[in-house]
Amino acid sequence: MNAVRSLTLPLLLILFTSASALAQEDGMHDMLHASAPDEIYQGALDDWHEGHYPQALHAFRHLLEGEEAGRFFERIALKTGELYRVTELSEDGTDIRFSDDGRYAIWQREGEGGMRTWVHDLSGSSESFAVEGEDVQLLAGGAVIYRRVADNQAVRSAGEVRDEAIEQARAESNWDLWRSAQADYDAVVRSNTLLLYREGPGAPERVLTPQGYAIGEVISSPDGQTLYFTGQQEGETYPLVYTMEAGNGQVRTLTGQDSYESEMRLAGGGRFLVFGYQEQNPFDPSSDAPAQTPGWTGAYDLQTGGLFKAEGELVDASREGERMLLSRESDGATSLLTSGLRVGGPAVTEITSTDLPLTDATLSPGGTRVAYALQAEDDYEIYAHNADGSGERKRVSRELQHDRFPAFLDEDRLVAAKGEGRHRRSFLYNLQSGELQKLFHNNTLRTIAPEYEWAVHPDGDRLLIVAERDGDTISPERGVYLLDLSERITQEELLARINRNMEQEEALRTKGDRLYEQIADRVSQVTGQISLRRIYRYEEDLYRFDSKYITQPGNDKAAEYIYEAFQSFGYEPDYQWFSPEGREVYGGRTANVLARLEGTTHPELVYVISSHYDSVERGPGADDNTSGTAALLEAARVLADHPMPATIIFAAFTGEEAGLLGSREFVRQAQESGMQIVGALNNDMVGFANNARLDNTIRYSNPGIRDIQHNAARKFSRLVTYDALYYKFTDAHAYYEAYGDIVGGIGSYPVLGSPFYHQANDNLETINHQLVAEVSKTTAATLMLLASSPSRLADLQVQTLQSADQYRLSWDASPESDIDHYLVEYESDQAGVQTATVEGTEITLEDLAPGSEVRVKAVNRHGMEGWDWARAGVPAR
């Protein structure tokens, strides 16, 4: 028989909390009505900066409901999320682009039969269809040209054989072997490459592959009647450019036998075919070895048949204008040049020449402007020039993080990306006004949406974006989104967004207040002892050891320093020495350094807080990860005299930068010894601040820990927290592999943002020490709640019984010894979400909604509830 008790007390608490929130809202409402709109808006920005989101959102809503809503609409939309309409086209995709006529959005997606190309009609029908092939070209009237490799495995295997043979040829200076290996590979490619034609979706395929050609790149003319492809016939050393009529498959050679080509594109409204071009001189007569001859670019006039050549590697060509962009390398310097496309056109003009890192150069559609990313100091910035060389160079971006991948929408606007590779965000720049706008968002307050790819519509009015809009970087899927710059969201949609975020934020805060209610005073006492002076001292001392990579003497010095610091706090620390197999290590071995705060009630249950203390070989690693180590040490210090019911292990890991060596060794030994790790935090790169805001990112696999960390930061620190479902390539990965989704922690802003990441100049002066202190407070507060609360339950089962509409829920008893009862939350078909309390470890329920989720957690005798639910799905009948 199940003992089920009522929930009178929790209900009273909810009513009391709601009444308090209503009283606060009434007071804020009166204050807003007494203030001027501009004053209200500025106050809302200040609240937003400090992470006081409910106050800021109330003010935004007040402004949007007022007489001057139009004046504030755009600013509020951009502060809270997206201004422009965004539509998800696919839940997964990559290699995005638009068709040349702009009618179709195209992306690739892995399916059961391998990679497929998906085509989405943007003309109004909104239909999508799949093509089993690559290099898809959409022709006039909806016809499709695409390339398919008949046997991918055969081509891959031939490529591996060729690569091995070429390495042998290099070692032996045997250029006949080189030529033979390449010829054998080309023959396999030739025999397995098909060029296919379909008149439209669902139409039968027709093979267009010219007999005896290895097909490379394929593009089509604007009218879709003619195809241009790079092809290589048997016996030819390099591919040439050919044309083929789409209707009848007739082929002719476009370029002569003295060249080889790649990187084809159409320019000048389709009049010119531009391609990388090189004189055939594959072997130096004196050595019979492949020679590095200068790169050239060719522009073929499809009207006159004339071929114009300019020295330099092809970078870009203007879609509508008659101009191309070239690069030259000489004595370590990179030069960017522009040129006309025909003899007698604009002369070759040098735009810039520099020995600094330069990348991502591009031309505007009309060929009047050039943009590129240049690393003049620590990070890449976007610069723009007039393409004819007139005027001064204009700096477009001004950001501490990297700015990359400029792409023109028209002659005066471009889009570019800010941030490091694992998290970039797109911004729109107006070259005339200097204005910039953030483009893409998920319209939430906290969850980060990393972006990875961008494509600009030929009309410049839409963007395709590949992103993880849900913030989930763990699953392999990345969605494809269409952002329409010609259509803004409505005021009603913006108000709905604000109301939704207010509800979510209030729910998060109510949950945090409830979870921390029993221990809030104690947590405040402990976190109040975090010392900024001590934080800086740890950082300064560790920084003086220079590189702490496992091959450097600084690694041993840092380990000894951490050991002695733990000792000074009153712990009995341990070195966890090991010698990584097959890796060079300074002194032959390296060590994790561990300190243990023994639990008072159930010491066998362990929570781990970790940071790696090693750095990359080339630098001292002030942010990566002296900052995390300093936060770890200070949390260990203030908690030393405050043991929790469960055990806490403070772990300073070695060898993260060499392949997560220390964390994997720690987890290996923990499993071998039977250690019951029930939760883990890992802090990595917590000291870089992009601006005056003290913000950082919760990188988690467990949503319960995520919510606790948000509230720990809000209640006991000045830290403003974002979140991302993220653990890969960090020490958290080792925990996840062994123990599942028990991981939280704090990482760099946001996800990865410092331009000094893995650089020699990751120096102490780049660190915001107050930010590190706030992370340490958040960490200590999170640990205190986790180690005082019941852990997540195991083996929750939902069994369908024989009698109608009955289910039995059962679970393993909590490992904690002080459990009072269990909470069960479920969805009823008739009454919605319900909650019950249970004294045992099973309950029989009726009328569960099929396909819904049931959740169970333990509550101890002190009133502390479990920090995460055990979850299970209800089977369909």
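Please refer to the structure higher up on the page.
Student: When you look at empty space enclosed by the protein in this model, what are you seeing that I'm missing?
Tutor: One water molecule sets the probe size; rolling that probe over the atoms shows where empty space is left. All told, the structure shown has one cavity of 30 Å³ or more when counted by the stated rule. Lining the largest cavity are Asn682, Arg699, Tyr726, Tyr727, Thr730, Ala732, Val743 and Gly744. Counted by class, the lining of the largest cavity contains four nonpolar, three polar and one charged residues.

Student: Would you take a moment to explain helix H5 (residues 152–172) for this structure?
Tutor: The periodicity of an α-helix, 3.6 residues per turn, causes residues three or four places apart in sequence to face the same way. Under the 1.5 Å per step criterion, the end-to-end length of H5 is 30 Å for 21 residues, consistent within 8% with the ideal 30 Å. The set of residues buried in H5 consists of Val155, Ala158, Gly159, Arg162, Ala165, Ile166 and Ala169. Looking straight down H5, one finds its buried side chains confined to an arc of 135°; they lie on one side. Away from its buried face, by an angle of more than 90 degrees, H5 presents the exposed residues Glu160, Val161, Glu164 and Ala171. For H5, the secondary structure elements touched by its buried residues are strand E8 (144–149) and helix H6 (175–192). Between the side-chain oxygen of the N-cap and the backbone nitrogen of Gln153 there are 3.3 Å, and the N-cap of H5 in question is Asp151.

Student: What's the story with the sheet that holds strand E39 (residues 646–653) in this structure? I'm lost.
Tutor: Neighbouring strands of a sheet are bound in pairs by backbone hydrogen bonds; such pairs are parallel or else antiparallel. Spatial strand order, E36-E37-E39-E38-E40-E43: six strands in an open sheet with mixed pairing. Only two strands of the sheet have a single neighbouring strand rather than two, namely strand E36 (574–578) and strand E43 (743–744). Relative to strand E40 (residues 676–682), helix H14 (residues 732–739) is tilted by about 155°, and along the sheet it contacts strand E38 (602–612), E39, E40 and E43.

Student: Any chance you could explain the sheet that holds strand E7 (residues 134–138) here in plain terms?
Tutor: Pairing is antiparallel across the open sheet formed by four strands, whose spatial order is E7-E8-E9-E10. Where the open sheet ends on each side, the last strands, each with one partner, are E7 and strand E10 (206–207). Relative to E10, strand E9 (residues 193–198) is paired through two bridges, and the arrangement is antiparallel. Following the sheet pairing, Tyr197 is matched in E10 by Arg206.

Student: Please clarify how the packing of H5 against H6 should be interpreted in this entry.
Tutor: Packed helix pairs are specified by the crossing angle of their axes together with the interaxial distance, meaning the distance between the axes. Running from amino to carboxyl end, H5 crosses H6 at an angle of 170°, the nearest separation of the two axes being 8 Å. Viewed along their axes, H5 and H6 adopt a mutual orientation that is roughly antiparallel. Side by side, H5 and H6 meet where Ala154, Val155, Ala158, Gly159, Arg162, Ala165, Ile166, Gln168, Ala169, Arg170 and Glu172 of the first sit next to Trp175, Leu177, Trp178, Ala181, Gln182, Tyr185, Val188, Val189 and Asn192 of the second. Tallied by class, residues from the contact of H5 with H6 come to 13 nonpolar, four polar and three charged.

Student: Could you clarify how one ought to interpret the pairing of strand E5 (residues 114–121) in this entry?
Tutor: Bridge count for strand E4 (residues 104–111) against E5 is eight bridges, and the pairing is antiparallel. If you follow Gln108 over to E5, its bridge partner there is Thr117. Across four bridges, E5 lies against strand E6 (residues 128–131) in antiparallel orientation. In the strand pairing of E6, His120 is matched with Ser128. Between the end of E5 and the start of E6, which pair antiparallel, lie six residues, with Gly124 showing a positive phi angle near 135°.

Procedures and definitions
- Residues numbered from 1 in each chain as written.
- Predicted model: local features only at pLDDT ≥ 70, side-chain atom pairs only at ≥ 80, totals over all residues.
- Heavy atoms only, no water.
- 1 Å grid on protein atoms, 1.4 Å probe; cavity = no way out; pocket = protein on both sides within 12 Å on 5 of 7 lines; lining within 4 Å.
- Points joined across faces, edges and corners; volume = space filled by probe spheres on them.
- Nonpolar A, V, L, I, M, F, W, Y, C, P; charged D, E, K, R; others polar.
- Helix = DSSP H or I, 4+ residues; strand = E, 2+ residues; numbered from the N terminus.
- Expected span 1.5 Å × (residues − 1).
- Buried < 20%, exposed > 50% of the residue type's maximum accessible area, 1.4 Å probe, protein only.
- Arc of directions from axis to C-beta.
- Contact = heavy atoms within 4.5 Å.
- Polar contact = N/O pair within 3.5 Å; in protein donor to acceptor, adjacent residues only side chain to side chain.
- Pairing = 2+ DSSP bridges.
- Axes fitted to C-alpha atoms, helices over the stretch in contact; angles between N-to-C directions.
- Parallel < 35°, antiparallel > 145°, perpendicular 65-115°, else oblique.

Purely geometric numbers; function is a separate question.
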